[in-house]
Amino acid sequence: DIIAVPVSSLNNRVLLIFNPHGMSKKMNKSLSYKSAAKSVTGMAETLAHEIKNPLTGISGAAQLLTANVSTEEKEWIDIILKEVNRIKKLVDKFQVFGDLRPIKQDSVNIHDILSQAKRAADVGYAANIKIVEDYDPSLPAVRGDRELLLQVIQNLLKNAAEAVPQTGGQITIATSFRQGIRISVGKTTAESLPLQVSIIDNGPGVPEQIKDEIFEPFVSSKINGTGLGLSLVSKIVSDLGGVIEYTRLDQK
């Protein structure tokens, strides 16, 4: 893709900006991820009403039973309560997709958000993992929702932390400027995509057979994964006017 911009200070001169042709495909793919994620919305509403209410009744009844049962039976009831809570948490994840309220975007500093996410990772799920910061200090502030962006970064960092080896694991958070890329939103407006944030880990990578679908709902490489985390990340990024993709560095 070529963008031509007249240079006013030089007569009859034009600045040409070349971008990889694949960017348009990436944008279209990101929008398809968003559509797939939103298709979960109706299911989320049904689950919230039809499943969570009965689960509350089951949980309450199980708690009442614990007062008059043997020790062995209490262990069975504990299993019931744990499974009920597990289902509730899964339904809660679905409900997030049902939030269709407009996103209020303000001016945010992406490096402040990344630093906050890194601090949380350093004392939590990535305490024994080396996290390297490779930031472009010249990046300008951008419009976005701080809490949603923080949610995206923390989710990606957690996925990276789970992927790296137990010994020698490393995650790199990098930022850079992408000049001249814009995505149309609606019929009359366009959003710039000037910033690129990369979360890079030294894990084995996503299995080849699912690498093109990892942002789709219910697709996961984890044994007990729900396949909703990255789908939600994709929905948030798309709602904010951005594009998300997965790339193996050894295949670029």
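Read on for an overview of the structure.

Cut-off values and rules
- Residues numbered from 1 in each chain as written.
- Predicted model: local features only at pLDDT ≥ 70, side-chain atom pairs only at ≥ 80, totals over all residues.
- Heavy atoms only, no water.
- Helix = DSSP H or I, 4+ residues; strand = E, 2+ residues; numbered from the N terminus.
- Buried < 20%, exposed > 50% of the residue type's maximum accessible area, 1.4 Å probe, protein only.
- Contact = heavy atoms within 4.5 Å.
- Polar contact = N/O pair within 3.5 Å; in protein donor to acceptor, adjacent residues only side chain to side chain.
- Patch = residues over 30% accessible without salt bridge, like charges linked within 9 Å, V, L, I, M, F, W, Y side chains within 5 Å.
- Areas by Shrake-Rupley, 256 points an atom, 1.4 Å probe, with all protein chains shown as cover.
- Salt bridge = Lys/Arg side-chain N within 4 Å of Asp/Glu carboxyl O.
- Lys, Arg positive; Asp, Glu negative; His and termini not counted.
- Charge placed at Lys NZ, Arg CZ, Asp CG, Glu CD.

## Remarks on the overall build of the protein
At step 1: Counting secondary structure elements, the protein contains 7 helices and 9 strands.
At step 2: Here the protein holds 252 residues, and 31% of them are scored as buried.
At step 3: Pairs at least 24 apart in sequence give 71% of the contacts found in the protein among residues at least 6 apart.

## Section: the side chain of Thr175
At step 1: Structurally, Thr175 is set in strand 6 (residues 170-177).
At step 2: Given a relative accessible area of 7%, Thr175 falls into the buried group.
At step 3: A distance of 2.9 Å separates the side chain of Thr175 from the backbone nitrogen of Asp136, its partner in a polar contact.
At step 4: With residues up to four places along the chain from it excluded, the contact list for Thr175 reads His111, Leu114, Asp134, Tyr135, Asp136, Leu139, Gln196 and Val197.

## A closer look at a nonpolar patch on the surface
At step 1: Judged by side-chain polarity, Ile2, Val14, Leu16 and Phe18 come together as a nonpolar surface patch covering roughly 430 Å² of accessible area.
At step 2: At 3 residues, strand 2 (residues 14-18) tops the list of elements feeding residues into the nonpolar patch.
At step 3: The residue Ile2 is located in strand 1 (residues 2-6) in this model.
At step 4: Its relative accessible area of 55% is what places Ile2 among the exposed residues.

## A closer look at helix 7 (residues 229-239)
At step 1: Here helix 7 lies mainly inside the structure; 9 of its 11 residues are buried.
At step 2: Within the sequence span of helix 7, burial applies to Leu230, Ser231, Leu232, Val233, Ser234, Lys235, Ile236, Val237 and Ser238.

## Details of a negative patch on the surface
At step 1: Among the surface-exposed residues, Glu72, Glu73, Glu75 and Asp78 lie close enough to one another that they form a single negatively charged patch.
At step 2: Within the secondary structure, Glu73 is located in helix 4 (residues 71-97).

## Considerations on the environment of Phe177
At step 1: Relative to the elements of secondary structure, Phe177 occurs in strand 6.
At step 2: Sequence spacing of Phe177 and Gln196 is 19 residues, and the spatial spacing of their C-alpha atoms is 6.1 Å.
At step 3: If sequence neighbours within four positions are ignored, Phe177 has contacts with Asp136, Leu139, Pro140, Pro194 and Leu195.

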